Amino acid sequence: MSKLKIDFGNMFTSQIGEYGLTEGDMAPLKEDVARVHKGMNEKKSEMVWRSLPFVQDEIVKDMKETAKKINEKFDAFVVLGIGGSALGSKALFSGLKHLHYNELSRKKRGGARFYVIDNVDPDRMNALFDVIDVKNTCFHVITKSGATVETMSQFMIILNMLKDAIGKDYKDNIVMTTDKEKGTLKKIVDEHGFKSYIVPDGVGGRFSVLCPVGLLSAAVLNIDIEALLKGAGDMHQKCENENIEENPAYMYALTHCAAMKKGVNISVLMPYADALLDTAEWYAQLWAESLGKIVDNKGNTVHFGQTPVRALGVTDQHSQVQLYREGPFDKIICFIKVENYNSDVKIDKPDMVMYDANYIPGKSMGELINFELTGTRYAVTKSGKMNMIITLDKVDAYNIGALFMLFEMATAAAGEFLDINAFDQPAVETGKQATFALMGRDGYEDMAKELKKEVQSECVYTL
Ligand code: PA5
């Protein structure tokens, strides 16, 4: 049995009828595969994230030693970061650890409790302080640019608390991951000698889960890093093939781009496993920030992009599927099926008359969830809606590593098909600069004046 299988069949008219992809939709992009492949090869040395599965033996050894010390010494481990500096850790945590990990006993966990704080919501921050003791907590501050306001604010709050609570040894409670030479955090690392790791050049935030940004979390959580990287490495090898019939990343990119050109502007990732919802969250950032672009590489205004949606099977069958079946033909639904859950729950026949629910006993929840997936996929297909399915034999480190690399390679390839830069995020900058201005940062005075101008809305309701 294969570990991971991807079936694109229900993307095409042959399976779903009128609203599927036709040969005519596919042909121009298929003709483009050679160009896309050339671009992927030529830019391979810039896409350093592709090499991460193969080049990190030393760093993994170091992180494991650090993680061992962290788990021996601390009761909690908290990731402070945002966007690509946080979402990979979240996906690894919920994907590969017990779904109520922090409520387990220390013995069952085998390590520190684990939190990712990826917002500056004051209530969230204070809620964290209600459940951790900063003295017994290790904080991993992650920012590639070394200057992100959210992360730097969190860092300053923690720094003050640790200095007050611990005094001169406060640095033992902090690990940092940032650029090797640029940015404010790097200056702080150098000046004060914090334990630190590097985000390598050519590894952008949303492509950084397989470097120390995500791997230190994995090490602290005792996740099998070798298996994670092996899955990613094997998938990378598969996705280097020029032949689109053998390359699932190219096929994912091509089908999504062909659909996008027909106005299919939504990409739903719908795992049937609670453990994979944060992987869908991680994918959402990757797909949105990489492909949502106003200009192509030639400077043409294009407004490309496909809005990613994370949905959860079966929960969202009772929330979204009505829309997915009967609503507009504007989305691709990518189901993720898990053949074998890590555990199962049998539904025995109760000693009570169950009337019409009598068909349930004798089955298990694992069977039920997969029957529901098969049923929903059948229904969506009958409605003529584009869908595809990724089947995992189970949710394990190997398969999660493979999924990360599949989606990263698909995103990069989609960038090539669309001829856009998938690795920048210029549109995030304006909001960042406006925040700097409002926070009173030097050099942003004109913007601050502009922002303070009262704009009279003509449509306001109050209570
Ligand atoms: O993918 C990206 O580049 C972004 O989402 C960043 O990860 C995010 O903005 C955080 O940036 P930094 O790691 O520089 O703090």
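Note that the structure is a prediction, hence the values are computed from the model and not measured.

Asks: What exactly am I supposed to notice about the side chain of Asp-419 here?
Replies: With respect to the helices and strands, Asp-419 occurs in the loop between α16 (397-418) and α17 (426-438). Taking the relative accessible area as the measure of exposure, Asp-419 reaches 17% and is therefore buried. Residues within four places of Asp-419 in sequence aside, it is in contact with Asp-296, Asn-297 and Lys-298.

Asks: Got a minute to help me understand the domain arrangement of the protein chain in this structure?
Replies: The domain architecture assigned to the protein chain consists of domain 1 (4-31 + 228-418) and domain 2 (49-223). The C-alpha-based centres of domain 1 and domain 2 are spaced at 30 Å. Listed per partner, the contact involves 27 residues of domain 1 and 24 residues of domain 2. For the pair domain 1 and domain 2, the two sides together bury roughly 2,200 Å², of which 71% comes from carbon and sulfur. If you sort the residues of domain 1 by the area they bury against domain 2, Leu-229, Gln-285 and Glu-408 come out on top, with a joint share of 25%.

Asks: What am I meant to see in the sheet that holds strand β12 (residues 387-392) here?
Replies: Two modes of strand pairing occur in sheets, parallel and antiparallel, and in both the strands are linked by backbone hydrogen bonds. Spatial strand order, β1-β12-β11-β7-β10: five strands in an open sheet with mixed pairing. Strand pairing shows two members of the sheet lacking a second neighbour, β1 (4-7) and β10 (307-310), which therefore form its edges. Neighbour-to-neighbour, the strand axes of this sheet turn through a mean angle of 15°, independent of strand direction. The pairing of β1 with β12 spans four bridges and is antiparallel. Across the sheet, residue Lys-5 finds its bridge partner in β12, namely Thr-391. Contacting β7 (266-271) and β10, helix α13 (residues 277-291) crosses the sheet at an angle of about 175° to β10. Along the sheet face, helix α15 (residues 365-382) touches β1, β11 (331-338) and β12 and points at about 160° away from the line of β11.

Conventions adopted
Residues numbered from 1 in each chain as written. Predicted model: local features only at pLDDT ≥ 70, side-chain atom pairs only at ≥ 80, totals over all residues. Heavy atoms only, no water. Helix = DSSP H or I, 4+ residues; strand = E, 2+ residues; numbered from the N terminus. Buried < 20%, exposed > 50% of the residue type's maximum accessible area, 1.4 Å probe, protein only. Contact = heavy atoms within 4.5 Å. Domains from an automatic or database assignment. Buried area = accessible area lost by both parts, 1.4 Å probe. Pairing = 2+ DSSP bridges. Axes fitted to C-alpha atoms, helices over the stretch in contact; angles between N-to-C directions.

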